[in-house]
Amino acid sequence: MSVTTLLDELLPLIQAVAGQDRQAFAELYRLTNAKLFGIARRLLRNDAEAAEAVQDIFVRVWQRAECYDPARGRVMGWMCGVLRNLCIDRLRGAARRDRDLAALPDADEGVDSGVADGLDLARCLGILAASERQIILLAMHHGLSHGELAQRFAVPLGTMKSTIRRGLAKLRFCLDDGAVAVMQA
């Protein structure tokens, strides 16, 4: 199939997807997912993250197909733009997580060496389950991604993300609670 034929074929598909046509959505996915995956992999430099980004883009396409305006460009250009923005958001989120985790100490170091602003980080790390603590410290110190951690611990990617999210939420709550206790003293 030529590129022109593909581009001509996407317009009626996206319009049908806007009407919640599942068959059109499946065909749109079949025709575009490989190209979108290649773009995501180039931007994110990680196959697992790229696969998740492609999944996210298709969720967004399903939910927002009616936002596509043919006067502003071709369907593939619109989808690539949405994917690019999604990948940039993921990269920014990863950078933010890295900054947040950078305050945590290495598992091999004394935990007290990472205590910042008088907060008892060692106490807060101690409330985490051993596996949560290990995962968060590996992510921080070794820079392992969600996908790499999921492989290392042989769990699904979604499970790993949930584990990290819960662990960081517990740390945040504990540290915030400690800050309140210090302010009340």
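Reading the values: the criteria
Residues numbered from 1 in each chain as written. Predicted model: local features only at pLDDT ≥ 70, side-chain atom pairs only at ≥ 80, totals over all residues. Heavy atoms only, no water. Salt bridge = Lys/Arg side-chain N within 4 Å of Asp/Glu carboxyl O. Helix = DSSP H or I, 4+ residues; strand = E, 2+ residues; numbered from the N terminus. Buried < 20%, exposed > 50% of the residue type's maximum accessible area, 1.4 Å probe, protein only. Polar contact = N/O pair within 3.5 Å; in protein donor to acceptor, adjacent residues only side chain to side chain. Expected span 1.5 Å × (residues − 1). Bend = angle between axes of the 7 residues up to and from the residue.

Colleague: I tried to follow the pattern of salt bridges on my own but got confused; where do I start?
Modeller: Opposite charge on two side chains permits them to pair, given that their charged atoms come into close proximity. Tallied over the entire structure, the rule returns seven salt bridges. The closest approach of N and O atoms between Glu 27 and Arg 30, which form a salt bridge, is 2.5 Å. Note that Glu 27 and Arg 30 are positioned in helix H2 (residues 22-44) at a spacing of three residues, about one turn of the helix.

Colleague: Which parts of the structure should I look at to understand unusual backbone geometry?
Modeller: A negative phi angle characterises most non-glycine residues, just as the trans form characterises most peptide bonds. Phi is positive for Arg 45, close to 55 degrees, though the residue is something other than glycine. Position of Arg 45 among the secondary structure elements: in the loop between H2 and helix H3 (47-64). Residue Arg 45 is classed as exposed on the basis of its relative accessible area, which comes to 74%.

Colleague: Which parts of the structure should I look at to understand the side chain of Thr 163?
Modeller: Residue position: Thr 163 is located in helix H8 (residues 157-184). Among the polar contacts listed, one links the side chain of Thr 163 to the backbone oxygen of Thr 159, at a separation of 2.9 Å.

Colleague: How should I be thinking about H2 in this particular structure?
Modeller: Count 3.6 residues to each turn of an α-helix, and residues three or four apart come out pointing the same way. Between the first and last C-alpha of H2 there are merely 29 Å, a value that for 23 residues lags more than 12% behind the 33 Å anticipated at 1.5 Å per step. Along its length, H2 reaches its greatest deviation from straightness, about 50 degrees, at Thr 32. Taken residue by residue, H2 has Ala 24, Phe 25, Leu 28, Leu 31, Thr 32, Leu 36, Ile 39, Ala 40 and Leu 44 as its buried positions. By the N-cap criterion, in which a side-chain oxygen at the helix start approaches the backbone nitrogen of a residue two or three places on, H2 is capped by Asp 21, the distance to Gln 23 being 2.9 Å.

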